[in-house]
Amino acid sequence: MSSSISSMEQKRHFSINLLEWYDKHKRDLPWRRHRNPYYIWVSEIMLQQTRVDTVIPFFNRFIERFPTVEDLADAPEQDVLKCWEGLGYYSRARNLQAAAKQVKELHGGMVPDDKASVFALKGVGPYTAGAILSIAFNKPEPAVDGNVMRVLSRYFLIEEDIMKGSTRAFMESLVVELIPDGRASDFNQALMELGALVCTPKSPHCLTCPVMEHCSARQEGKEEQLPIKTKAKPPRPEYRVVALVEGRGDHSGRVLIRQRPQEGLLARMWELPHLQTPAARSGRLPDEPAMDILAGALLEEGIAARPIAHLTDAEHTFSHIHWNLQVYRCREEDLPQAAELKAMYAAGDSGEQSVQTEYRWIDEQDMQHYAFPNVFLKILQNYFKHSSY
């Protein structure tokens, strides 16, 4: 048998057996119960860099709150971010809402089914466009994500770096060849499902794999060596001191929060005041100088607060930054004492320019109205749970 005939047989075997397996074993997921393009679109955005089990409750809550494209387009941004709270990568939520506005204005609230219009939606790249077009509209478009690239690398013994655009383009063309007529929706979902449940990154479950017989990597003993992937640079560490300022007088029982800038990382979300510090040799500043820097920085923002004690440490990893947070309980001071405090504390050189920032005093009940990054949400929830007010 020639290699070309063998390759054709390998491809045919893959498509037939994969779909047979999927028809029997596919998971019951909320976005699969309907062929609603909006639901599928929302689910695909949520599933980016997030596990299915994590996404399910967020998806259900989001669809309950914003059941249509128009509902999402017309909602206040803070409501959208609050509903996304805890899911991370918040630019996904902002882009999704911006794209919903595009769909409302340009397509009458109906998710478009042509490639150019879907690609034009904010936050929609090649994978998401392919997923929407194939899953929602059964169009034979490739939807190649990490799961799919892993499966294809192993089954067809593709030993090229999957981080290269040329490798992705080759795999997209390969998927188009593999999609059986009229089964694009099921096939692409089956391919993703196989990567998620069977052809896993480590210790793949080859003996239960429906396409094991013709898997080239397994035949060569290379299933755990593939895919080839250039390692990403590790996120750079940043060390930050954080103020949890307890209010007094009219602010008693409340803590101080601020809104992040209009653009950039975690744009327009709410957080505890904090600033970047020069890293000590050990990575962590001793408490006394950390509190001095924090108090000085707060005064630069017009906030009179006296650090009292270390409260907790926390960490948060973004794709390119790893925050190491030292959190301190601080007490609001009366304005007449601000001058005294300013004489005591030298403002810290954070390397960040002071900007006009919106601050608010909130209690535990108020938290439902503000969207926080997960790290600050957890700090605040834990604080209020154990608060002795």
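Just so it is clear, the model here is predicted, and its values are computed rather than measured.

Student: What is the right way to look at the overall build of the protein chain in this model?
Tutor: Looking only at helices and strands, one finds 15 helices and 7 strands in the protein chain. Burial status across the protein chain gives 49% buried among its 389 residues. Considering only residue pairs separated by 6 or more positions, the protein chain has 69% of its internal contacts joining residues 24 or more positions apart. For the protein chain, the exposed surface amounts to about 19500 Å²; the carbon and sulfur share of it is 49%.

Student: Would you mind going over unusual backbone geometry with me for this structure?
Tutor: Glycine aside, the phi torsion of most residues is negative, and most peptide linkages are trans. Residues L226 and P227 are joined by a peptide bond in cis, for which omega reads 5°. As for its placement among the helices and strands, P227 is situated in the loop between α12 (216-220) and β1 (236-246). One non-glycine residue, Y89, lies in positive phi territory at about 50°. One non-glycine residue with positive phi stands out, namely S203, at about 50°. If you trace the backbone, S203 turns up in the loop between α11 (184-197) and α12.

Student: It is not clear to me how the environment of G182 should be interpreted in this structure. Could you clarify?
Tutor: Relative to the elements of secondary structure, G182 occurs in the loop between α10 (165-178) and α11. Using a relative accessible area of 58% as the deciding quantity, one classes G182 as exposed. A C-alpha to C-alpha distance of 8.0 Å links G182 and K139, two positions 43 residues apart in sequence.

Student: Hey, could you run me through the nonpolar core in this one?
Tutor: Among soluble globular proteins, nonpolar side chains are generally buried collectively. Of all hydrophobic cores here, the largest spans 63 residues; its most connected members are Y38, W41, M46, F62, W84 and F372. Tallying contributions element by element places helix α15 (residues 374-386) first for this core, with 7 residues. Once residues within four sequence positions are removed from consideration, F372 is found in contact with E85, Y90, I257, M269, W270, E271, I362, M367, L377 and L380. In this structure, L178, A184, M192 and V198 belong to the second largest nonpolar core, which totals 38 residues.

Student: Just to check I follow, could you spell out the environment of G146 for this structure?
Tutor: Along the polypeptide, G146 turns up in helix α9 (residues 146-155). For the pair formed by G146 and C83, sequence separation is 63 residues and the distance between their alpha carbons is 27 Å.

Student: I'm lost on the packing of aromatic side chains in this one. Help?
Tutor: The description of two aromatic rings rests on the distance between their centres and on the angle between their planes. Going through the model one piece at a time under the given rule, you end up with 13 aromatic pairs. Plain terms: the ring middles of F14 and Y155 are 4.7 Å apart, the flat faces sit at 55° to each other, and that makes the pair tilted. Of this pair, F14 sits in helix α1 (residues 3-25) while Y155 sits in helix α9, and the two are 141 residues apart along the sequence. Grouping residues by exposure puts F14 and Y155 together as buried. Between Y38 and Y39, the ring centres sit 6.2 Å apart and the planes meet at 55°, which makes this aromatic pair tilted. Y38 gets classed as buried once you look at its relative accessible area, which sits at 3%.

Student: What's the story with the UniProt feature "domain: HhH-GPD" (unreviewed entry) in the protein chain in this structure? I'm lost.
Tutor: Per the UniProt record, "domain: HhH-GPD" (unreviewed entry) is annotated on residues 46-197. The distance from the first to the last C-alpha atom of residues 46-197 is 18 Å, and the span holds 67% helix and 0% strand.

Student: Any chance you could explain the pattern of salt bridges here in plain terms?
Tutor: Between side chains of opposite charge, a pair can form as their charged atoms come close. Per the counting criterion, the structure on display carries 26 salt bridges. Of the charged contacts in the structure, one is a salt bridge between E193 and R27, with a shortest N-O distance of 2.8 Å. With E193 in helix α11 and R27 in the loop between α1 and α2 (37-47), this pair connects stretches of sequence that are 166 residues apart. Under the relative-accessibility criterion, R27 is labelled partly exposed at 26%. For R258, the salt bridge identified is with E271, shortest N-O distance 2.8 Å. With R258 in strand β2 (residues 255-259) and E271 in strand β3 (residues 270-271), this residue pair connects regions lying 13 residues apart in the sequence. Of the two residues, R258 and E271, neither departs from the other in class, the shared state being buried. Linked through salt bridges whose partners overlap, the residues forming this network are R248, R306, R331 and E333.

The rules behind these values
Residues numbered from 1 in each chain as written. Predicted model: local features only at pLDDT ≥ 70, side-chain atom pairs only at ≥ 80, totals over all residues. Heavy atoms only, no water. Helix = DSSP H or I, 4+ residues; strand = E, 2+ residues; numbered from the N terminus. Buried < 20%, exposed > 50% of the residue type's maximum accessible area, 1.4 Å probe, protein only. Contact = heavy atoms within 4.5 Å. Areas by Shrake-Rupley, 256 points an atom, 1.4 Å probe, with all protein chains shown as cover. Core = buried A, V, L, I, M, F, W, Y, C linked by side-chain atoms within 4.5 Å. Phe/Tyr/Trp six-rings, centres within 6.5 Å; stacked < 30°, edge-to-face > 60°. UniProt positions renumbered as here; feature names shortened; annotations may be inferred. Salt bridge = Lys/Arg side-chain N within 4 Å of Asp/Glu carboxyl O.

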